[in-house]
Number of protein chains: 4
Amino acid sequence: MKEPRDAQVTRDNLIRAGLALIASQGYHATKVSEIVRRCGVTQAAFYWHFPSKLELVLELMASGRATLLDTLRRGYRDRIESVDDMVENSCRWFTDLLRYCHDNREYMAILLARGYGADPQIDRAIADTRTAMYEVLRGNIARAVDLGRLQPQATDLRAAFVHRLLEGSIEWWLFGHDYDLQHQPTVSTEVLARQLAEFEFYGLNGSGNAG
Amino acid sequence: MKEPRDAQVTRDNLIRAGLALIASQGYHATKVSEIVRRCGVTQAAFYWHFPSKLELVLELMASGRATLLDTLRRGYRDRIESVDDMVENSCRWFTDLLRYCHDNREYMAILLARGYGADPQIDRAIADTRTAMYEVLRGNIARAVDLGRLQPQATDLRAAFVHRLLEGSIEWWLFGHDYDLQHQPTVSTEVLARQLAEFEFYGLNGSGNAG
Amino acid sequence: MKEPRDAQVTRDNLIRAGLALIASQGYHATKVSEIVRRCGVTQAAFYWHFPSKLELVLELMASGRATLLDTLRRGYRDRIESVDDMVENSCRWFTDLLRYCHDNREYMAILLARGYGADPQIDRAIADTRTAMYEVLRGNIARAVDLGRLQPQATDLRAAFVHRLLEGSIEWWLFGHDYDLQHQPTVSTEVLARQLAEFEFYGLNGSGNAG
Amino acid sequence: MKEPRDAQVTRDNLIRAGLALIASQGYHATKVSEIVRRCGVTQAAFYWHFPSKLELVLELMASGRATLLDTLRRGYRDRIESVDDMVENSCRWFTDLLRYCHDNREYMAILLARGYGADPQIDRAIADTRTAMYEVLRGNIARAVDLGRLQPQATDLRAAFVHRLLEGSIEWWLFGHDYDLQHQPTVSTEVLARQLAEFEFYGLNGSGNAG
DNA sequence: GATGAATGAGGTTTCATTCAT
DNA sequence: TATGAATGAAACCTCATTCAT
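Here is what the cut-offs are and how they apply
- Residues numbered from 1 in each chain as written.
- Chains lettered and ligands numbered in written order.
- Predicted model: local features only at pLDDT ≥ 70, side-chain atom pairs only at ≥ 80, totals over all residues.
- Heavy atoms only, no water.
- Contact = heavy atoms within 4.5 Å.
- Buried area = accessible area lost by both parts, 1.4 Å probe.
- Salt bridge = Lys/Arg side-chain N within 4 Å of Asp/Glu carboxyl O.
- Polar contact = N/O pair within 3.5 Å; in protein donor to acceptor, adjacent residues only side chain to side chain.
- Helix = DSSP H or I, 4+ residues; strand = E, 2+ residues; numbered from the N terminus.
- Near = heavy atom within 4 Å.
- Nonpolar A, V, L, I, M, F, W, Y, C, P; charged D, E, K, R; others polar.
- Buried < 20%, exposed > 50% of the residue type's maximum accessible area, 1.4 Å probe, protein only.

Chemist: Please give an account of the arrangement of the chains that cites residues and values.
Modeler: For chain A and chain C, which are not in contact, the least C-alpha distance works out to 21 Å. Between chain A and chain D there is no contact; the minimum C-alpha to C-alpha separation amounts to 12 Å.

Given below as structure tokens:
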């Protein structure tokens, strides 16, 4: 259990600082000079750890993607005999996801709003991750259709609805209406997850058995 | 025999070129030199028409905002005796909105994904417009609650859901999963509007009387 | 006859300063910052006139090459009935060439010694020009062989000898033994040309009719 | 079971790698990082062996100079009763020299073309060695003049001719017209030496008794 | 209304060199 | 003897912006 090597600390600091700055200002507005100033090292040190500013971001995105997809795929146990079972499943799954997002708000900021348009490679990294999220949701809906729990109608389209509902709501939850990085959620994880699940299956009209 | 291309024409060209470039590359990646190159004028000409690159964008956003809000507020005739009436209303309103978005895809690209993180003033312009859209939706839901057509429950939250569902779905519709500016919609305006309205009120479970 | 435009003056200054610096320090040691300092303009001005430092040099080399080849090809009137006629022809031709070299010593410095190893494109530019010079000399020898004035023996090899004798002697003449850019020729153009021509045809042993 | 590669081995490797790189790319384009990468050691190791990159090169040049001068001075046995004796002597001497150059082509690359303009100290090292070579040649000619074998005319100038003819021809022989480090000689050592010696004393016109 | 030419500030990246271990 | 990690100085180049004409 040897103590963490200095280099690793510096490297982690650089990643953290880069993440924070890019989340709040975007890629182009974030200068290497500012990243290193926050870490108390020189710019040359940055380039010892990373081949370029772009590579730092791509590494950032890749590691965020890995942990996010991990979370996404863990969920959805399959006992679904009724629509209400599906609501329950969705609710649990959303809860896990929201916790992840809450704990990784800076990564989510880049993924959901501050990333596009920075650089083609970053665009791709974001699009890939978002598409992966869509695929998971689409898979779940398709399975429910196969089991006869949902009507076999416009699966892709409705998966896109759920996907965008979910992403957009997370963005709103974490950053508010004006995309403020300092915004604090006004709703608890549990309430949001439940309301989202209700809305997902019953829309504004509700289930009929709501309180 | 130069045709009399007056100042207004140049100005409009600059705005159009700026809009196209920013929509596809983002604010920082869009250079004044590129904008003017597309218009066949010099950079100094740009600065005769606009005080700065930022001002061009802000003007862009303001004019987009005006026409968008115009469209948004035109809708929603008030005869709502049943939920199905509301679905019909939503459907008509969505249709108008989608038409606008389709006709202004570059502005929507900036508004929905390529704008944040460019500059605090741009961020504000975007946030304001998006919030205005949310307010319209929230107002409609609140009215339905007042009229006893919807349950008086979590109005803000559910307005946020609808708002993000709508925005996100438009983004997907216009630009696909990987935010490709060249993407072509795979669903017609009418079908998307109807499906959105159905989903808005009944969720994945559907209305029961769907085809 | 309008007075020379400012821009052209600046551009010429930059070229001249670049030529002088590269001739004396080599390509890599010559900094854009130094070039512009000598011209009293900013670095951005440099990049308004030239796309890059490399392009400045390539332009330099290209224009030097053009005038040099022009000089090279002007020479060699064809009356050669005896070896002594050839010596006379060579002498005149060398005189022209030496005058050019004397008037363009900075370009010659780059071409003959300070250029190689700077950049692949520069290497090519130099090699091309030197090869062109060799070809002219080889052509002359080949013609003399065809006319029966020289023995048909190892033409390529002996052309290479003459070429390198000439280049090397020019280098020595202009820059001395230690390649000093400030060196002043110790021999007049005419004497050098005559001695070179004698050596070219008779070697150290001489013509027998020398003084 | 690491083989005992002691300090001297590492040092020699560094020198060899440096020599190869500088010969092919020039001084400035050769990075310490690249030298050490080829040797499998770190940059800090480099600086344990050498005080600076410049010192490595100077050492390189000094050792090349020592062996070259050794070769140069070994030659020229003094029996010269006729010009043909001198041709024979030159031929033998050139043969030795060409062998050396062939075996040390990387050093010759730096000495003859890739060195100038790198750094004042390197320039000096090169100039000194080349001047030493000139002195040897001049001494031989002077002796021949003293012995009455050559005419007492323009000794310095003609020594310079011979010197530059020799150097330039070696450069051409080793690296071709476009200074390609990979070039293979197209003429054997013996043929080149003989032709050079013939040319040295008789020029293009030849000896009259040539084959 | 527009141009040609220039500025100034700052960006990313490079590279020889050093120092604690 | 050597390494891993860092420094400092400076290089090339970019780009929004300006100004005289």
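Chemist: Go over the interface of chain C and chain D with me, naming the residues and quoting the values.
Modeler: On the chain D side, the residues contacting the 48 residues of chain C number 48 residues. Carbon and sulfur atoms make up 60% of the surface buried where chain C meets chain D, a total of about 4,400 Å² over both sides. Three residues stand out in chain C for area buried against chain D, namely R164(C), H177(C) and L204(C), and they jointly supply 19% of the buried area on that side. If you look at where chain C meets chain D, you find four salt bridges. For R130(D), the salt bridge identified is with E171(C), shortest N-O distance 3.2 Å. The interface formed by chain C and chain D contains 10 residue pairs in polar contact (both at pLDDT 80 or more). When contributions to the side of chain C that touches chain D are tallied by element, the ones reaching two or more residues are α6 (105-114), α7 (120-146), α8 (155-175) and α9 (189-202) of chain C. A per-element tally of the side of chain C that touches chain D places α8(C) first, with 12 residues.

Chemist: Pulling in residues and values, what's your account of the protein's contact with DNA strand E?
Modeler: By nearness alone, 34 residues border DNA strand E, and Y47(A), A44(C), W48(C), K31(D) and Q43(D) come closest of all. For DNA strand E, the fraction of atoms within 4 Å of the protein that belong to sugar or phosphate moieties is 63%. At 2.7 Å, a side-chain N or O of T42(C) approaches a phosphate oxygen of DNA strand E. Contributing elements (two or more residues each) for the surface near DNA strand E: α2 (32-39) and α3 (43-49) of chain A, α1 (7-25) and α3 (43-49) of chain B, α1 (6-25) and α3 (43-49) of chain C together with α3 (43-49) of chain D. For the surface near DNA strand E, the per-class residue count stands at 16 nonpolar, 13 polar and five charged.

Chemist: Provide a residue-level description of unusual backbone geometry, including the pertinent values.
Modeler: Residues and elements named next belong to chain A. A positive phi angle, near 50 degrees, is found at A154, a position not held by glycine. On the secondary structure map, A154 appears in the loop between α7 (120-146) and α8 (155-175). Under the relative-accessibility criterion, A154 is labelled partly exposed at 32%.

Chemist: Which residues make up the interface of chain A and chain B, and what values do they have?
Modeler: In this assembly, 49 residues from chain A lie in contact with 48 residues from chain B. Between chain A and chain B, the buried area comes to about 4,400 Å², and carbon and sulfur atoms account for 59% of it. The largest per-residue losses of area from chain A upon contact with chain B belong to R164(A), H177(A) and L204(A), which jointly make up 20% of the total buried on that side. On inspection of chain A and its partner chain B, the count reaches four salt bridges. As a salt-bridge pair, E171(B) and R164(A) come within 2.9 Å of each other at their nearest N and O atoms. Viewed at the interface, chain B and chain A are joined by 10 residue pairs in polar contact (both at pLDDT 80 or more). Of all the secondary structure elements, the ones that give two or more residues to the side of chain A that touches chain B are α6 (105-114), α7, α8 and α9 (189-202) of chain A. In terms of residue count, α8(A) provides more of the side of chain A that touches chain B than any other element does, 12 residues in total.

Chemist: For the pattern of salt bridges, give the residues involved together with the corresponding values.
Modeler: As enumerated under the stated definition, the model contains 44 salt bridges over all chains in all. Two residues, R124(D) and D128(D), come together in a salt bridge whose shortest N-O distance is 3.8 Å. Taken as a pair, R124(D) and D128(D) lie in helix α7 (residues 120-146) at a separation of four residues, close to a single helical turn. Given a relative accessible area of 57%, R124(D) falls into the exposed group. Residue D128(D) is classed as partly exposed on the basis of its relative accessible area of 35%. Because the salt bridges share partners, they merge into one network encompassing R130(A), R164(A), E167(A) and E171(B).

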